[in-house]
Amino acid sequence: MQPMEVAAMEPAPGPQEKYHLITRNLQEVLGEDKLMAILKERELKIYWGTATTGKPHVAYFVPMSKIADFLKAGCEVTILFADLHAYLDNMKAPWELLELRTLYYENVIKAMLESIGVPLEKLKFVRGTDYQLSKEYTLDVYRLSSVVTQHDAKKAGAEVVKQVEHPLLSGLLYPGLQALDEEYLKVDAQFGGVDQRKIFTFAEKYLPSLGYAKRVHLMNPMVPGLTGSKMSSSEEDSKIDLLDRKEDVKKKLKKAFCEPGNIENNGVLSFIKHVLFPLKSEFVILREEKWGGNKTYTTYEALEKDFAEQVVHPGDLKNSVEVALNKLLDPIREKFNSPELKKLTNAAYPNPSKAKPAEKGTKNSEPENVVPSRLDIRVGKVISVEKHPDADSLYVEKIDVGEPEPRTVVSGLVQFVPKEQLQDRLVVLLCNLKPQKMRGVESQGMVLCASSVGEPRQVEPLDPPAGCCAGERVYVEGYEGGEPDDELKPKKKVFEKLQADFRVSEDCVAQWKQRNFLTKLGRVSCKSLKGGSIS
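Only a predicted model underlies this, so the values are computations on that prediction, with no experimental measurement involved. (Residues numbered from 1 in each chain as written. Predicted model: local features only at pLDDT ≥ 70, side-chain atom pairs only at ≥ 80, totals over all residues. Heavy atoms only, no water.)

### Observations concerning the overall build of the protein
- Regarding its fold elements, the protein presents 16 helices and 23 strands.
- Computed over the C-alpha atoms, the radius of gyration of the protein is 25 Å, within 12% of the 24 Å expected from 2.2 N^0.38 for a compact globule of 535 residues.
- When its C-alpha atoms are laid out on the principal axes, the protein stretches across 80 × 60 × 50 Å.
- For the protein, with 535 residues in total, the buried portion stands at 51%.
- Averaging the positions of the 76 positive and the 78 negative side-chain charges in the protein gives two centres separated by 3 Å. (Helix = DSSP H or I, 4+ residues; strand = E, 2+ residues; numbered from the N terminus. Rg over C-alpha atoms; globule rule 2.2 N^0.38 Å. Buried < 20%, exposed > 50% of the residue type's maximum accessible area, 1.4 Å probe, protein only. Lys, Arg positive; Asp, Glu negative; His and termini not counted. Charge placed at Lys NZ, Arg CZ, Asp CG, Glu CD.)

### Here's the deal with the environment of threonine 23
- Locating threonine 23 in the fold gives a position in helix 1 (residues 15-23).
- When its relative accessible area of 15% is taken as the criterion, threonine 23 is described as buried.
- Sequence-wise, threonine 23 and tyrosine 137 are 114 residues apart; in three dimensions their C-alpha atoms are separated by 31 Å.
- Once residues lying within four places of it in the same chain are set aside, the contact partners of threonine 23 are Val29, Leu35 and Lys66. (Contact = heavy atoms within 4.5 Å.)

### Section: the confidence of the model for the protein
- Per-chain confidence: the protein averages 87 in pLDDT, with 90% of residues scoring 70 or above.
- Predicted confidence in the protein is weakest over helix 4 (residues 83-88), with a mean pLDDT of 82, and strongest over helix 2 (residues 32-41), with 97.
- Within the model, pLDDT remains below 50 along residues 1-9, and this stretch shows 11 contacts once partners closer than five positions in the same chain are excluded.
- The low-confidence segment residues 355-366 (pLDDT under 50) makes one contact with residues lying over four places distant or belonging to another chain. (pLDDT = per-residue confidence, 0-100.)

### Looking at the UniProt feature "domain: TRNA-binding" (unreviewed entry) in the protein
- Per the UniProt record, "domain: TRNA-binding" (unreviewed entry) is found at residues 371-475.
- Across residues 371-475 one finds 4% helix and 47% strand; the C-alpha atoms that close the span lie 11 Å apart. (UniProt positions renumbered as here; feature names shortened; annotations may be inferred.)

### Things to note about the side chain of aspartate 188
- With respect to the helices and strands, aspartate 188 occurs in the loop between helix 8 (169-184) and strand 5 (189-193).
- Classification of aspartate 188 as buried rests on a relative accessible area of 11%.
- Here the side chain of aspartate 188 touches arginine 42 through a polar contact of 2.8 Å, side chain to side chain.
- Apart from residues lying up to four places away in sequence, aspartate 188 is in contact with Ile38, Arg42, Glu43, Leu44, Lys45, Arg215 and Val216. (Polar contact = N/O pair within 3.5 Å; in protein donor to acceptor, adjacent residues only side chain to side chain.)

Structure (structure tokens):
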């Protein structure tokens, strides 16, 4: 792809056109009047920062495409590799890996920008530790800490800093450093995701107390991941890595949540809207002639309308995104195929499975970490229910969990739940148990149910919150991050160890060690079995 060129013969865009380029597809702008006033006088100075923690994934193309917009509008753009922030955020990047991860980020972000045709010479690249360890900056950190309350610091970082039961002081410093970056980078505006909003308003409140100006803040929407929730470096199935092989891209897109006609929390559609359309100003749906042949869309709204009306099939949408995405990823894969960058990748993100095994005859000093995030629990929708052909007490259900094909699940609910009460019902399904045959039918999951303690035994399937979609992740409060195991090994008994602490609370909420089971829409519950067990 040729670098994007600002043709010398073309007239420079006026303030209104620049404003449109800078703000299109944003969710919110704080300081619109100030932004327009600056554009009438001179070019805007803006920065985007990224903490060098987990591997960047394809959602990073969203800010990259906005950076392209900023350059088209004549902005002076700085990209900050926030290495010190990465350490302060609950040590997401250990100190010994900080330098390596920052190098990885520098290389991969530059490769992304090149793949979409952004000229690197028009950008300024800065590391946080280039100036954040200076005497002046450190003194301002102390000055800021003398006026900021603990409440405000914690609130500001709530959406960005990893939330844990016993927060570290470093997480409270994080928002203050991000606010000071605006002054020390000498910019007019900061750009980030809408999850940064509390830090942005924190900066607007506290920078003037040090005698520094309030900045403009530009916010992108949070793009849903492939599972329908936020795309996250720590949630493997929710994201496509920039170095994923083509077959991995295909596999992840096939599993992506993309319900026919559903335009809400649709990560596939969002990627088209926020990345592919701004870059190309069009999108081509690729399909066989018998299904109408290829169709070119010149506006996202027309594509969304056709998808909502089921004129465009999810399979065709995914296949078309796969082709377009691989065109963006090919130059990045090629660049990172060099021996130097392969070595850097492995050093910055060492594979934990390749850690030195304990010597024979000695016990591993670190016990296995048995936490709820290892369970792949999802919302499922029961599509069909039939009696097992060879067992009167068993149902065979087909359950949609947001994958291309529904799963077959065998459950012993015949005595407890009438067939008609299961049909079309939303349930909670454990999806990463090893499949096993039950009276000749392979079961690919377990419907989680509440059970009464005494006799006669009562059983009720757990209920996700109203409005949930098939495939949405269910997690335990405080364990939102972390990647579920691909498959739970029966000998390790991970589920059994966790299930021993599953209970239904007195207000009928499903819990593990008194922490609620949640989806992004609220708590998972049962109808009436207070104090019951869950299995």
